[in-house]
Amino acid sequence: MKLSRDSEKLLYLISLYTRSEREMEKWIKNYALWALIYHGIVEKVFEDYDYTPVTVMWYGTLRIANISMEAEADIFKLRREGLINKLRLATSKYRYITAYKITEKGEKYLQNIKPEVKAEVDRVFNPPSVGIPDITIDAKGNPILIYKNGKKILVKILYPEDMAYSSAPSFL
Amino acid sequence: MSLDKLARIIFDIIEDTSRLMSSILSLYQRRILNIIYPGYKEEGFERRKYTVVISEKVKIEGKELSSEKMLDLLLKEPYVNEIKQIVGPIISYAKKDGLCLIDGSYGLLILGKVKNTELLSLYASIKSLEIFLEDLLVYLWMVWEKLGDTRKIVLKGDIKELKKMRVQLVTILSDFTLLKSIMGTITYSLDRIDSESKSISDDELDSLDFSTVFHAVKNRCRTIGDLFESIEREIDGLLMVINTHIEEALDRLNTLTFWLSIIFGSFGLGQLAVAIAPWFMGPIESTIVSSIATLLPIILGVFLHFGGGKAR
């Protein structure tokens with residue numbers, strides 16, 4: 001099994017946030033992962049991913065978010081290969097969200113990836129002597145990365161770009 | 001135009017059309033949308049929409065694809081991820097008479113020359129209705145869940161909580177009555193779509209499976225109608241339980257007032273007896289009458305509190 005460089009980075013990113021601590025199992029919700037992937041694309045961690053605006057369930061409401069379909073396809077591949085587990089959760093508002101967690105097989109796979117792949121992810125998501133930033137959602141639903149040194153980064157995943165277009169009416 | 005750019009334009013149009021529609025919607029229509037899609041008017045919040053994109057040609061790296069190869073190539077990586085940006089997760093695809101159709105959860109991509117767009121417009125209408133009914137159903141389940149919680153509180157019978165619950169139920173009922181009123185409009189739209197679809201015979205777009213989607217939407221409408229009735233009955237039932245609790249509380253208050261009036265009346269009579277007894281009796285008899293007159297209302301009160309009140 002050989003994964004693409006971006007898939008390996010994605011797997012490593014998931015592992016940073018979902019490694020079990022003592023007996024505590026940690027999972028990452030899909031919208032938190034989308035935010036990390038978007039930030040990774042903006043910070044050029046991922047080489048071949050791009051994003052597009054999509055209507056998604058975001059923290060209980062329907063929002064337009066910049067989602068990477070390439071990353072979604074890679075998540076599917078990682079799941080199929082048994083490198084991550086997927087958990088489907090029902091929200092109190094009768095919508096479904098998913099959560100992901102790295103598997104033992106995934107951890108083993110990561111032991112053999114090139115150090116520079118990890119280093120590229122660590123540059124943004126696990127800076128040396130700073131550590132993994134927490135991801136929180138503010139009152140407006142925006143994800144914020146909070147680093148242990150006090151640095152905060154607003155991830156603009158909920159800000160799709162405006163495009164110029166012209167339209168003409170069509171009566172059907 | 002690249003698929004990336006197209007995806008961005010589509011979502012810009014989705015946002016812009018929401019703003020455009022909001023300016024021409026009536027207060028009634030806006031309130032209905034706000035019930036199902038809370039906060040949809042604010043920027044960044046959206047309601048789900050269905051998009052239809054027709055593209056006569058497809059080019060990959062400057063080379064135009066033939067209709068035979070088109071679907072096979074576009075449904076493979078890396079192109080399939082780009083297609084998903086336009087239509088969402090792919091549900092089905094079909095190839096017929098030079099047309100390629102890729103149907104996703106929030107859009108349809110048609111590749112080739114479409115001669116008749118009428119059925120396509122009807123299909124988009126029915127898919128939009130399907131999405132709206134899905135979201136309406138989600139809202140109804142949420143109401144059902146809320147009613148379950150309300151029922152637990154109501155059955156405890158705490159008067160303070162009952163008042164809050166009554167306000168909550170009346171608010172739900174008001175939203176609910178509004179939503180129920182749209183079922184007539186939806187049924188009318190379905191009838192119109194049905195009659196219009198019968199007058200169209202378009203072999204090109206048969207592969208859209210229009211009639212299956214149409215009947216699924218009709219069945220969903222029926223389910224929602226039944227759910228409306230059940231929820232309405234549940235709300236009525238809960239309001240009746242609340243009213244019964246409040247009536248019982250009022251009844252207890254009436255009983256208390258009744259006994260208090262008897263006690264105070266007998267106390268008054270006793271005081272009168274104490275005042276006039278020395279005129280007719282000796283000091284010992286007078287003291288006995290005074291004591292009885294003082295003790296009688298107290299004994300009566302205690303008796304009524306522990307025995308008489310319950311009997312009533």
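Structure: above.
Since the model is a prediction, treat every value here as computed from it, not as a measurement.

Q: Is there a simple way to think about the interface of chain A and chain B in this case?
A: Accessible area lost during the coming together of the parts is what is often quoted as the interface size. Contacts between the two partners involve 21 residues from chain A and, on the opposite side, 26 residues from chain B. The leading source of residues in the side of chain A that touches chain B is strand E3 (residues 61-67) of chain A, at four residues. Looking at the side of chain A that touches chain B residue by residue, the class counts come to 11 nonpolar, three polar and seven charged.

Q: Is there a simple way to explain the sheet that holds strand E4 (residues 90-96) of chain B in this structure?
A: Where strands meet in a sheet, backbone hydrogen bonds hold them as pairs that are either parallel or antiparallel. Residue and element names in this part refer to chain B. Pairing is mixed in the open sheet, where four strands are placed in the order E1-E6-E5-E4. Sheet topology places strand E1 (51-55) and E4 at the edges, where each strand pairs with a single neighbour. The mean angle between the axes of side-by-side strands here comes to 10 degrees, regardless of whether they run parallel or antiparallel. Pairing between E4 and strand E5 (residues 99-104): six bridges, direction antiparallel. Residue pairing across strands places Ser92 opposite Asp103, the latter belonging to E5. Packing against the sheet, helix H3 (residues 67-74) makes contact with E4, E5 and strand E6 (107-111), and its axis sits at approximately 20 degrees to E5.

Q: Please explain unusual backbone geometry as it appears in this structure.
A: Negative phi is the rule for most residues except glycine; trans is the rule for most peptide bonds. Of note, the amide linkage connecting Glu77(B) to Pro78(B) takes the cis form, showing an omega dihedral of 0 degrees. Note on placement: Pro78(B) falls in the loop between H3 and helix H4 (79-87). At Lys44(A), a position not held by glycine, the phi torsion is positive, near 60 degrees. Considering the arrangement of structural elements, one finds Lys44(A) in the loop between helix H2 (30-42) and strand E2 (52-58). Note on Lys44(A): 10 C-beta atoms within 10 Å, which makes it exposed.

Q: Explain the pairing of strand E5 (residues 96-102) of chain A here, please?
A: Sheet faces and side chains relate simply in a regular strand, where the side chains alternate between the two faces. Residues and elements named next belong to chain A. Pairing of strand E1 (residues 28-29) with E5 involves two bridges; the strand directions are antiparallel. Among the inter-strand pairings, Lys29 is bridged to a residue of E5, identified as Ala99. Bridge analysis of strand E4 (residues 84-90) against E5 gives seven bridges, and the strand direction is antiparallel. Counterpart to Ile84 in the pairing with E5 is Ile102.

Conventions we followed
- Residues numbered from 1 in each chain as written.
- Chains lettered and ligands numbered in written order.
- Predicted model: local features only at pLDDT ≥ 70, side-chain atom pairs only at ≥ 80, totals over all residues.
- Contact = placed C-beta atoms within 7 Å.
- Helix = DSSP H or I, 4+ residues; strand = E, 2+ residues; numbered from the N terminus.
- Nonpolar A, V, L, I, M, F, W, Y, C, P; charged D, E, K, R; others polar.
- Pairing = 2+ DSSP bridges.
- Axes fitted to C-alpha atoms, helices over the stretch in contact; angles between N-to-C directions.
- Buried ≥ 20, exposed ≤ 12 C-beta atoms within 10 Å, placed from the backbone.

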